[in-house]
Amino acid sequence: MAPIDESITLKRKQVIASALVKHLSLDPGTSLGVSGKDDIMSLYTKILKSSGKPFLQKENEEVMKWIEFAESFPVDCQACLDALTGFNQDLAQKSILLGNGTTPSEADVIVFSVIHSSVIGLSHLEREKLTHVMRWMDYIQHKEEFADLFEKILLKKPAFEFLKKVTENKEPVPEKKKPSEKEPAEKDKELSVSLLNIQVGLIRKASKHPSADSLLVEEIDVGDAKLRQVVSGLAKYYSPDELTNRRVVLITNVKPGKLRDVMSEGLVLCASNEDHSVVEPLLPPEGAKIGERVSFSGIDGKPEDVLNPKKKQLEKITPNLFTDDKGVAAFKGIPFMTSGGPCTSSIPKASIK
């Protein structure tokens, strides 16, 4: 790889320094003395020391991996696109670069600072191929207080430019009366996955439904004093023994109701292939805690106490649930995250219901 132009490396370091200062809430006037002789690691160490944040060896070993990526990030457009394609694969199972939480790390800030100018220059078609990069960039720019340090990356819908061209040539039409503010707000709310209370569970016992051959009855531990009884249409795919002691992901705020005279208090989320010949419950990672709520990076909100069947909230959300080409469960490309990592399935590009 050809050496990166010195003026570009200096500019990158200055941007990284400014971004880290904001990330660590340092005085904006902090003198860092950034020079072309500093490498990113020494710059990072200097700023970390100024912040008083403890230097954790294990954490900083992880940071170092991403610093090496930042140091070697190319300038050439094609090489840059190749590097971003590899980075896109790295992000497939990550919300942030370090840890399993949702708070960006210094590594996120450093890599964001280095690749930002390249991502800004991508065409819409190129951005469409970098789903995970664009999702991560959008998340970081909304979580960090960068102010005017970086130009905002706008994620446009594919039809937007075409629609704009069509409407520019049309005669002006009378402006329609705007709907009340409450209506669109309610519509958006109904489409948000935050309405669902998705939890990690453990099937303690599974048995055949007493009056329906296609149904199984599971008693699921979600950390409550009492096991939660759920009826699932999994008898065609699993025996009760195969489901017993299996970890699952379930929606716990659906309205309880009877299925063939047996009460069901939840919905086990399953991935299935196109013709539904293969169906499997989503699998939370071993490190996930029983009862913990699944989260989605950049999506905040309190779940409904109980979903309202009349509003068809679940029906509007589930079309956006699927697994990616690596089997990672996602809502609109944002992974189902737990304290132990993302939830997965052995079925790639599957629908989730």
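Look up: the structure comes first, before these words.
A short tour of the structure in this document, coming up. (Residues numbered from 1 in each chain as written. Predicted model: local features only at pLDDT ≥ 70, side-chain atom pairs only at ≥ 80, totals over all residues. Heavy atoms only, no water.)

Some remarks on helix 5 (residues 106-120)
Piece 1. Compared with the 21 Å implied by 1.5 Å per residue over 15 residues, the 21 Å span of helix 5 between its first and last C-alpha is a close match.
Piece 2. The largest bend in helix 5 comes to about 40 degrees, at Val 114.
Piece 3. For helix 5, the tally of buried residues reaches 13 of 15 residues, placing the bulk of the element in the interior.
Piece 4. Its side-chain oxygen placed 3.3 Å from the backbone nitrogen of Ala 107, Ser 105 serves as the N-cap of helix 5. (Helix = DSSP H or I, 4+ residues; strand = E, 2+ residues; numbered from the N terminus. Expected span 1.5 Å × (residues − 1). Bend = angle between axes of the 7 residues up to and from the residue. Buried < 20%, exposed > 50% of the residue type's maximum accessible area, 1.4 Å probe, protein only. Polar contact = N/O pair within 3.5 Å; in protein donor to acceptor, adjacent residues only side chain to side chain.)

Remarks on the pattern of salt bridges
Two side chains carrying opposite charge are able to pair once their charged atoms lie near each other.
Piece 1. Counted according to the given criterion, the structure contains 2 salt bridges.
Piece 2. The salt bridge partner of Asp 221 is Arg 204, with a shortest N-O separation of 2.8 Å. Separated by 17 residues along the polypeptide, Asp 221 in strand 2 (residues 216-221) and Arg 204 in strand 1 (residues 198-208) bring together distant segments of the chain.
Piece 3. Since its relative accessible area comes to 13%, Asp 221 is described here as buried.
Piece 4. The residue Asp 224 makes a salt bridge to Arg 228 at a minimum N-O spacing of 3.9 Å. (Salt bridge = Lys/Arg side-chain N within 4 Å of Asp/Glu carboxyl O.)

Considering the pairing of strand 4 (residues 247-251)
Piece 1. Of all 5 residues that make up strand 4, 5 are buried, and the element is covered over most of its length.
Piece 2. Examined bridge by bridge, strand 1 and strand 4 share 5 bridges and lie antiparallel to one another. Looking at strand 4, one finds that Leu 202 is bridged to Arg 247.
Piece 3. Note: strand 4 against strand 7 (residues 267-268), 2 bridges, orientation antiparallel. In the sheet register, Leu 250 faces strand 7, and the bridge partner there is Val 268. (Pairing = 2+ DSSP bridges.)

A closer look at the nonpolar core
Piece 1. One finds Phe 87, Ile 115, Val 119 and Trp 136 to be the most contacted residues of the largest nonpolar core, which totals 47 residues.
Piece 2. The dominant element in this core, judged by the number of residues it contributes, is helix 5, at 8 residues.
Piece 3. Not counting residues up to four positions away in its chain, the partners in contact with Ile 115 are Phe 69, Phe 73, Leu 84, Phe 87, Trp 136 and Met 137.
Piece 4. Counting 24 residues, the second-largest nonpolar core is a separate cluster that includes Leu 195, Leu 196, Leu 269 and Phe 331. (Core = buried A, V, L, I, M, F, W, Y, C linked by side-chain atoms within 4.5 Å. Contact = heavy atoms within 4.5 Å.)

Quick notes on the sheet that holds strand 1
Piece 1. Strands sit in the order 3-2-1-4-7 across an open sheet of 5 strands; the sheet is antiparallel. Edge positions in the sheet fall to strand 3 (228-232) and strand 7, since each of these pairs with one other strand and no more.

Quick word on the packing of helix 4 (residues 77-90) against helix 7 (residues 131-143)
Each pair of packed helices gets described by two things: the angle between the helix axes and the distance between those axes.
Piece 1. Contact pair helix 4 / helix 7: the axes reach a minimum separation of 7 Å and the direction vectors enclose 80 degrees. Taken together, the axes of helix 4 and helix 7 lie roughly perpendicular to each other. Residues Leu 84, Phe 87 and Asn 88 of helix 4 pack against Thr 131, His 132, Val 133 and Trp 136 of helix 7.
Piece 2. Per-class residue counts for the contact of helix 4 with helix 7 are 4 nonpolar, 3 polar and no charged. (Axes fitted to C-alpha atoms, helices over the stretch in contact; angles between N-to-C directions. Parallel < 35°, antiparallel > 145°, perpendicular 65-115°, else oblique. Nonpolar A, V, L, I, M, F, W, Y, C, P; charged D, E, K, R; others polar.)

Topic: the environment of Glu 218
Piece 1. With respect to the helices and strands, Glu 218 occurs in strand 2.
Piece 2. Using a relative accessible area of 0% as the deciding quantity, one classes Glu 218 as buried.
Piece 3. Taking the C-alpha atoms as reference points, Glu 218 and Ser 232, 14 residues apart in sequence, are found 7.6 Å from one another.
Piece 4. Among residues more than four places away in sequence, those in contact with Glu 218 are Ile 203, Lys 205, Ala 206, Arg 228, Gln 229, Val 230, Ser 232, Leu 234, Leu 243 and Val 268.
Piece 5. Here the side chain of Glu 218 touches Ser 232 through a polar contact of 2.8 Å, side chain to side chain.

Considering the packing of aromatic side chains
Piece 1. Using the criterion set out here, one finds 11 aromatic pairs in the structure.
Piece 2. Ring geometry for Phe 296 versus Phe 336: centroids 4.9 Å apart, planes at 70 degrees, classification edge-to-face. Note that Phe 296 is positioned in the loop between strand 9 (279-281) and helix 11 (313-317) and Phe 336 in the loop between strand 12 (334-335) and strand 13 (337-338), a separation of 40 residues in sequence. When sorted by exposure, Phe 296 lands in the same class as Phe 336, which is buried.
Piece 3. An aromatic cluster is present here, built from Trp 66, Phe 69, Phe 73, Phe 87, Phe 112, Trp 136, Phe 146 and Phe 150 joined pairwise through their rings. (Phe/Tyr/Trp six-rings, centres within 6.5 Å; stacked < 30°, edge-to-face > 60°.)

Observations regarding the packing of helix 4 against helix 5
Piece 1. At their nearest, the axes of helix 4 and helix 5 sit 11 Å apart, and the two run at 130 degrees to each other. By the angle between their directions, the pair helix 4 and helix 5 is classed as oblique. Helix 4 and helix 5 meet at a crossing whose hand is left-handed. When helix 4 is examined against helix 5, the residues Cys 80, Leu 84 and Phe 87 are found in contact with a partner set consisting of Val 111, Ile 115, Ser 118 and Val 119.
Piece 2. Broken down by class, the residue content of the contact of helix 4 with helix 5 amounts to 6 nonpolar, 1 polar and no charged. (Left-handed = near helix turned anticlockwise from the far one by under 90°.)

Quick look at the environment of Gly 327
Piece 1. Tracing the chain through its elements places Gly 327 in the loop between strand 10 (321-323) and strand 11 (329-331).
Piece 2. For Gly 327, a relative accessible area of 0% translates into the label buried.
Piece 3. When the C-alpha positions of Gly 327 and Lys 349 are compared, they lie 6.7 Å apart, and in sequence the two are 22 residues distant.
Piece 4. Among residues more than four places away in sequence, those in contact with Gly 327 are Cys 343, Thr 344, Ser 345, Ile 347 and Pro 348.

Scope: geometric values only; no functional claims are made or implied.
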